[in-house]
Amino acid sequence: MSIIKANSITKTYNPNTIPVHALRGVNLTINKGEFTAIVGPSGSGKTTLLNIIGGLDRPTSGTIQVDGQNVSELSDNQLIDFRQKKIGFVFQSYNLIPVLTVSENTEFVMLLQKRSKEEREKRVAELLHAVDLNDKKDKRPSQLSGGQQQRVAVARALASKPTFVLADEPTANLDSASASNLLDIMEKLNREEHITFVFSTHDQRVIDRARRVVTLVDGAIDSDVTRD
Amino acid sequence: MLFKISWRNIWRSRTRSAVVISSIAVGVWALSFVLSFSNGLIYTFIQNAIRDQYSHIQIHHPKFPEDKNNKHYIENADSILSSIKQIPEIEAATSRVITTGMLSTSHGARGVQVMGVRAKSESSVTKFNQKIVEGSYFIAGKKNQIIISRRLAEKLKVKLRSRMVLTFQDTKGEITAAAFRIGGLYSSGNMIIDESLVYVNDKDLAKSIIIVESNNNNLDVAHEFAIYLKDSDNTALIKDKLKKQYPELLIEDYYDLSPDVELYETQINTSNSIIIIIFMLALIFGIINTMLMAVLERYRELGMLMAIGMNKAKIFFMIVLETFLLSAVAAPIGLGIGILTVYLLQDKGIDLSAFSKGLERFGMETTIYPAMDIELYVQISIAVFITALLASIYPARKAVKLQPVEALHKI
Ligand SMILES: Nc1ncnc2c1ncn2[C@@H]1O[C@H](COP(=O)(O)OP(=O)(O)O)[C@@H](O)[C@H]1O
Ligand SMILES: [Mg+2]
């Protein structure tokens, strides 16, 4: 079952001055339960593509459907709502609210959704257990290592049970042990809870862990390989 | 949760928050001081006006105030006065015989208002005896004494013990005159009063001007009763009581008598409002600046919040709340210090004698006792919170306008 369907997506930055063709007609379908890496050299359009899929940016042409919904039809405020309900984001950095503790950060989106206290507490406990940070739940982000912060980001992204998780170079700022640890957790969540992950990377060790690897070169898909 | 985030955000940049909080606090302190000062000024002014000029309540013949003709007198002044003095809320009361007249000396003549007073009760109502600066107050049993101001004495080139002639119309309209001798010189602190009022004994004056219709030659009359209350708050109550007791007489309180008391009050209120507005303007730019810095500093974080689904209304509210909380911390501190300052100064007062030459011309005291009332504190608090809310709008709009992709730069 496809949950993301991108049709002939193009994106041109600065169309009126010095146009940069960041994406040149990308067609991509992602199915439920995938663990997919978008790879390619720096400047190949990975971030642009993830932004468009995530409803953070709009394509110059082409359509994008997420969960059957045509994203380009949504207003800015509807997009915020849509992102909150359907998508879990893990950014490269600045993922967490510095003044909130680990468990408050994890809880945050559920609070926006006005979930009950019991549900929130249960989910936070579950997730912090899953990312192995139970003992840090009352710490502030600044008291954690980079790898721990990214794990909190994963927990936060999953809290509202999104349709899929988008992660743009989630390991870019991590040492290799932390990167591999984060990948372990993502893989486990994908395997055990069937959470769909789409992440970008240019790190070969991360690429090796993906089941499907979509390679972008100069804003177009160069290869699309699924392994078992 | 928003509350928690906003509250903790305030303490994130401690130095900056401390600067804003202390500047708001200092502003509030200064404001409460300035307002209590002007409040004290008006209070002192009104108290002095009551003591020196108007008393709390005055009683006249209904036609006297507009006509000022001495034929509009009230008979049986003695018995009215003693029955007024029975009222327990009244501290002192007196009656006066009043006429306009011409004061002539060998140097010239001058139009004056002649106040015929009861020596003893006049001093308990107006403390006039304390204003004598040369010579003495009325001496009992001595005939035809006159007290004029030192200023007027200088103008007329007369001294203590000088003789002067007062010419006036009697109640029938006939011109009449009487000779007086200066027993004392006063200084009221009010130039206009000094130049226009002279004081004599009421019986001396009555003898010259009052031609009683009934022709029993009874001089038991008055043009004016002045009543000083133990407590200003009872003014309306006693006024009503006297109105019932003397329906045929005109009973007025100091508001009726002195349009300038009310005018002064409204002027002070206007100037207070202007001060509050200036204060708000000064504060508003400080707050906008700080909050703008706080927003710009957190651009990426705010972008992230929008990316993960915090809507614009909530972001806006969060910034407003943060500003509001800042002032909610600051305002009580400023008010607290303000209350303390006023408390410390309200007994000693602030001596303005350096400027007293100017103030005296307007009949004002030279020591001001700052006075605060709850209403002013409420006004200040409201002003601060309105300022905070207004100041938060621009930074909050700035926060809402950001695009998450740009803010995050790259996801
Ligand atoms: N906001 C932008 N304005 C102009 N050009 C941009 C902008 N964002 C990205 N680009 C350009 O688009 C191309 C693709 O960028 P990006 O999607 O960030 O690639 P990647 O994430 O693979 O490094 C690059 O050439 C980049 O310089
Ligand atoms: Mg990128």
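Residues numbered from 1 in each chain as written. Chains lettered and ligands numbered in written order. Predicted model: local features only at pLDDT ≥ 70, side-chain atom pairs only at ≥ 80, totals over all residues. Heavy atoms only, no water.

Draft legend 1. Region of interest: the sheet that holds strand 2 (residues 20–31) of chain A. All names here are of chain A. With respect to topology, four strands assemble into an open sheet ordered 2-1-4-5, the strand pairing being antiparallel. Only two strands of the sheet have a single partner each, and these edge strands are strand 2 and strand 5 (69–70). Bridge count between strand 4 (residues 61–66) and strand 5: two bridges; the pairing is antiparallel. The residue of strand 5 that forms the bridge with Val-66 is Gln-69. Along the sheet, helix 1 (residues 46–53) contacts strand 1 (2–13), strand 2 and strand 4; its crossing angle with strand 2, the most-contacted strand, is approximately 55°. (Pairing = 2+ DSSP bridges. Helix = DSSP H or I, 4+ residues; strand = E, 2+ residues; numbered from the N terminus. Contact = heavy atoms within 4.5 Å. Axes fitted to C-alpha atoms, helices over the stretch in contact; angles between N-to-C directions.)

Draft legend 2. Molecular detail of helix 1 (residues 2–10) of chain B. Among the residues making up helix 1 of chain B, those that are buried are Leu-2, Ile-5, Ser-6, Asn-9 and Ile-10 of chain B. Along the long axis of helix 1 of chain B, the arc covered by the buried residues comes to 135°, so they all point the same way. Among the structural elements, helix 3 (102–112) of chain A together with helix 2 (14–54) and helix 13 (312–348) of chain B are those in contact with the buried residues of helix 1 of chain B. (Buried < 20%, exposed > 50% of the residue type's maximum accessible area, 1.4 Å probe, protein only. Arc of directions from axis to C-beta.)

Draft legend 3. Looking closely at the domain arrangement of chain B. With domains assigned, chain B is organised as domain 1 (2–49 + 266–408) and domain 2 (62–248). The centre of domain 1 of chain B, based on its C-alpha atoms, is set 52 Å off from the matching centre of domain 2 of chain B. (Domains from an automatic or database assignment.)

Draft legend 4. Structural detail: the pattern of salt bridges. Residues and elements named next belong to chain B. All chains considered together, the criterion is met by 34 salt bridges over all chains. Ionic pairing is found between Glu-91 and Arg-51, a salt bridge with its closest N-O pair at 3.7 Å. Remark: Arg-51 occurs in helix 2 and Glu-91 occurs in strand 3 (residues 90–105); sequence separation between them is 40 residues. In this structure Glu-91 comes out as partly exposed when scored by relative accessible area, which is 41%. Given a relative accessible area of 15%, Arg-51 falls into the buried group. In this structure, a network of salt bridges that share partners links the residues Arg-12, Arg-298, Glu-301 and Glu-322. (Salt bridge = Lys/Arg side-chain N within 4 Å of Asp/Glu carboxyl O.)

Draft legend 5. Examining the packing of helix 2 of chain B against helix 13 of chain B more closely. Residues and elements named next belong to chain B. Interhelical geometry of helix 2 versus helix 13 gives an angle of 35° and a closest axis separation of 7 Å. For the pair helix 2 and helix 13, the sense of crossing is right-handed. When grouped by side-chain class, the residues that make up the contact of helix 2 with helix 13 number 16 nonpolar, seven polar and no charged. (Left-handed = near helix turned anticlockwise from the far one by under 90°. Nonpolar A, V, L, I, M, F, W, Y, C, P; charged D, E, K, R; others polar.)

Draft legend 6. Geometry of the interface of chain A and chain B. Taken residue by residue, the interface counts 31 residues in chain A and 24 residues in chain B. Counting the surface lost from both chain A and chain B, the interface buries some 2,500 Å², and carbon and sulfur atoms represent 70% of this. When residues of chain A are sorted by the area they lose upon contact with chain B, Ile-80, Tyr-94 and Val-99 of chain A head the list and together hold 22% of the total. Taken together, the links from chain A to chain B amount to two salt bridges. Across the pair Glu-104 of chain A and Lys-4 of chain B runs a salt bridge, and its minimum N-O distance is 2.8 Å. Summed over the shared surface of chain A and chain B, the result is six residue pairs in polar contact (both at pLDDT 80 or more). For the side of chain A that touches chain B, the leading source of residues is helix 3 of chain A, giving six residues. Here the residues of the side of chain A that touches chain B are counted per class, giving 15 nonpolar, seven polar and nine charged. (Buried area = accessible area lost by both parts, 1.4 Å probe. Polar contact = N/O pair within 3.5 Å; in protein donor to acceptor, adjacent residues only side chain to side chain.)

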